[in-house]
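Each chain is listed here by its residues.
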Amino acid sequence: METFVTIERALTIAQHTPLQSSTEWVTLNQAHNRILAEDLTSKVNDPPFDNSAMDGWAVRSTDEIRVEVGVTAAGTPPLEIKLGEAIRIMTGAPMPEGADAIVMIEDGLQGKAHTNFIRRCGENLRQGDTALFTNQVMTPAAISLAATMGHATIPVCKKLRVAVISTGDELIPPGDELNEGQIYESNSYGICALLEKIGCIPLQHEVVNDTMEGLRNTLDSLDCDAILTSGGVSMGEFDYVRKLMEEEGDLHFWKVAMRPGGPPLFGTWKGTPLFGLPGNPVSSHLVFLMIVAPWLAPKFPLGKEVNVRMKDPVKGAPGKVCLRRIQISTENGELVATTHTHQGSGNIHSMVAHNGVTVLPPDTSANTGDMIPALWLH
Ligand code: AMP
Ligand code: MG
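Conventions and cut-offs
Residues numbered from 1 in each chain as written. Chains lettered and ligands numbered in written order. Predicted model: local features only at pLDDT ≥ 70, side-chain atom pairs only at ≥ 80, totals over all residues. Heavy atoms only, no water. 1 Å grid on protein atoms, 1.4 Å probe; cavity = no way out; pocket = protein on both sides within 12 Å on 5 of 7 lines; lining within 4 Å. Points joined across faces, edges and corners; volume = space filled by probe spheres on them. Nonpolar A, V, L, I, M, F, W, Y, C, P; charged D, E, K, R; others polar. Near = heavy atom within 4 Å. Polar contact = N/O pair within 3.5 Å; in protein donor to acceptor, adjacent residues only side chain to side chain. Areas by Shrake-Rupley, 256 points an atom, 1.4 Å probe, with all protein chains shown as cover. Domains from an automatic or database assignment. Pairing = 2+ DSSP bridges. Helix = DSSP H or I, 4+ residues; strand = E, 2+ residues; numbered from the N terminus. Axes fitted to C-alpha atoms, helices over the stretch in contact; angles between N-to-C directions. Phe/Tyr/Trp six-rings, centres within 6.5 Å; stacked < 30°, edge-to-face > 60°. Buried < 20%, exposed > 50% of the residue type's maximum accessible area, 1.4 Å probe, protein only. Lys NZ or Arg CZ within 6 Å of the ring centre and 35° of its normal. Parallel < 35°, antiparallel > 145°, perpendicular 65-115°, else oblique. Left-handed = near helix turned anticlockwise from the far one by under 90°. Contact = heavy atoms within 4.5 Å.

Undergrad: Looking at this structure, how should I read empty space enclosed by the protein?
TA: In this approach, a probe sized like a water molecule rolls over the atoms, and the result shows the empty space that is left. Tallying each qualifying case throughout the model produces one cavity of 30 Å³ or more. Of the pockets and cavities examined, the largest cavity occupies roughly 30 Å³. Around the largest cavity sit Thr167, Asn209, Asp210, Thr211, Leu215, Gly232, Phe238, Tyr240 and Val241, which together line it. For the lining of the largest cavity, the class distribution of residues is four nonpolar, four polar and one charged.

Undergrad: What is the right way to read the site of ligand 1 from this model?
TA: What surrounds ligand 1 is a group of 16 residues, the closest being Ser166, Glu170, Glu185, Ser186 and Gly232. Here an oxygen atom of ligand 1 and a backbone polar atom of Gly232 are 2.9 Å apart. For ligand 1, whose free accessible area comes to 480 Å², the fraction covered by protein is 77%. When its residues are assigned to classes, the shell around ligand 1 shows four nonpolar, nine polar and three charged.

Undergrad: Would you mind showing me how to read the domain arrangement of the protein here?
TA: When cut into domains, the protein gives domain 1 (2-21 + 161-296), domain 2 (25-45 + 134-157), domain 3 (51-119) and domain 4 (303-377). Each of domain 2 and domain 3 has a C-alpha centre, and these two points are 35 Å apart.

Undergrad: When you look at the sheet that holds strand 24 (residues 325-331) in this model, what are you seeing that I'm missing?
TA: Within a beta sheet, neighbouring strands are joined by backbone hydrogen bonds and run either parallel or antiparallel to one another. Spatial strand order, 22-25-24-26-27: five strands in a closed barrel with mixed pairing. Here the strands of the sheet are splayed against their neighbours by 50 degrees on average, with no regard to which way each runs. Pairing between strand 26 (residues 356-358) and strand 27 (residues 371-377): three bridges, direction antiparallel. Paired with Thr358 across the bridge in strand 27 is Ala374.

Undergrad: Even after reading the chapter, I still don't get the packing of aromatic side chains, so can you show me in this structure?
TA: Under the definition given, this model contains six aromatic pairs. Measuring from centroid to centroid gives 6.0 Å for Phe253 and Phe266, while their planes differ by 25 degrees, and the two rings are stacked. Linking Phe253 in strand 18 (residues 250-256) with Phe266 in strand 20 (residues 265-269), this pair joins segments that are 13 residues apart in sequence. You'll find Phe253 and Phe266 in the same group, each marked buried. Here the basic side chain of Lys255 rests over the ring of Trp254, its NZ or CZ set 4.5 Å away from the ring centre.

Undergrad: Honestly, the packing of helix 1 (residues 7-15) against helix 6 (residues 281-296) in this entry has me stumped. Any pointers?
TA: Helix packing geometry: the angle between the two helix axes and the distance between the axes. Running from N to C, helix 1 and helix 6 cross one another at 30 degrees; their axes reach a closest spacing of 9 Å. Here helix 1 lies roughly parallel to helix 6, going by the angle between them. For the element pair helix 1 and helix 6, the recorded crossing hand is right-handed. The segment helix 1 lies against helix 6, with Ile7, Ala10, Leu11, Ala14 and Gln15 engaging Met290, Ile291, Pro294 and Trp295. Of the residues belonging to the contact of helix 1 with helix 6, the class tally is eight nonpolar, one polar and no charged.

Undergrad: Would you mind going over unusual backbone geometry with me for this structure?
TA: Backbone geometry follows two general trends: most residues other than glycine have a negative phi, and most peptide bonds adopt the trans configuration. Put simply, Asp46 and Pro47 share a cis peptide bond, and its omega is -10 degrees. Tracing the chain through its elements places Pro47 in the loop between strand 3 (40-41) and strand 4 (51-52). Following Arg259, the chain continues to Pro260 via a peptide bond in cis, the omega torsion being -5 degrees. Summarising the element assignment, Pro260 is placed in the loop between strand 19 (258-259) and strand 20. With phi around 50 degrees, Phe4 is a residue other than glycine that occupies positive phi space. With respect to the helices, strands and loops of the structure, Phe4 is situated in strand 1 (residues 2-5).

Here it is as structure tokens:
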């Protein structure tokens with residue numbers, strides 16, 4: 001077990017514990033943002049036959065005078081022309097045999113013949129070519145390409161099923177009446193949304209109270225690929241996630257050199273990987289952004305690394321990377337950043353009022369005008 005690791009080290013340690021990776025077949029309409037599980041080869045040439053790139057006439061480039069003898073449209077078998085003949089042709093219609101050029105409709109039948117207005121069989125892809133690769137994200141364009149290549153269904157990585165468990169005696173579901181000392185439970189909702197955003201299936205569990213037994217029973221009852229808990233990982237008397245993982249789980253790291261978000265832990269509970277996120281709402285969000293998401297879904301970065309010029313001073317943290325919430329915008333072609341709200345790790349509003357975070361190296365503060373690394377969130 002390692003303690004007080006860097007963000008990079010935390011990610012490396014988590015990556016040593018493999019996540020399940022089985023394959024399922026989905027139709028193209030279910031394929032958006034899925035991760036391709038195998039290379040895909042084209043079942044056909046693209047295009048499958050020579051065809052016209054323009055509306056006009058299919059002609060012989062050597063003819064000087066042409067006579068129209070027919071019409072051809074997309075979706076029909078190829079016709080044929082002889083000396084001096086032309087065929088009206090629509091975009092996508094197969095080139096008639098004997099024709100080697102297209103005259104554009106705008107130029108009239110005796111206009112200039114273009115040999116380059118023909119889309120040649122296989123000029124985009126040859127049958128058997130690999131054009132989609134294992135581990136790539138199925139974007140809308142990739143989905144169209146899979147269809148062009150003749151695939152009705154494709155193999156993708158199964159979505160990871162991730163249990164989300166908030167711990168704490170003070171936590172009440174939003175909507176219920178709050179009694180003294182209670183607060184609304186918010187972390188599990190945000191974390192479930194984050195999981196959806198990166199292509200996982202969130203399994204939201206009801207709040208677990210601060211007892212060893214309750215927590216143990218809950219963890220034992222889960223059927224999932226990974227577990228995310230929130231709360232109960234610091235030094236407190238009732239921080240039972242940490243205690244249980246120390247005593248009965250297999251702990252790989254505890255505490256990361258970041259602020260907010262200091263006390264997360266990672267390990268396995270009876271073989272299932274478990275991330276213990278801190279309870280403070282900003283902390284749990286930022287640990288998810290910085291470590292959990294890159295581990296679960298490296299293909300879905302939740303932010304973009306940028307450099308920003310600070311318009312307000314921001315204070316760093318001794319020995320820790322400091323993630324202050326900032327609002328990033330463009331000014332005179334440069335990215336600039338301001339801060340607006342209270343920066344406490346309990347203030348989730350700071351994550352809504354801003355669109356980024358500083359990534360200040362340990363022991364580094366920034367003055368107004370300084371250029372600093374940041375993460376632009378989307
Ligand atoms: P803990 O890490 O359990 O000591 O919690 C740290 C702080 O975060 C406490 O003020 C908790 O009340 C708060 N907190 C813990 N879990 C949640 C949650 N799921 N939603 C909102 N606040 C939480
Ligand atoms: Mg707690």
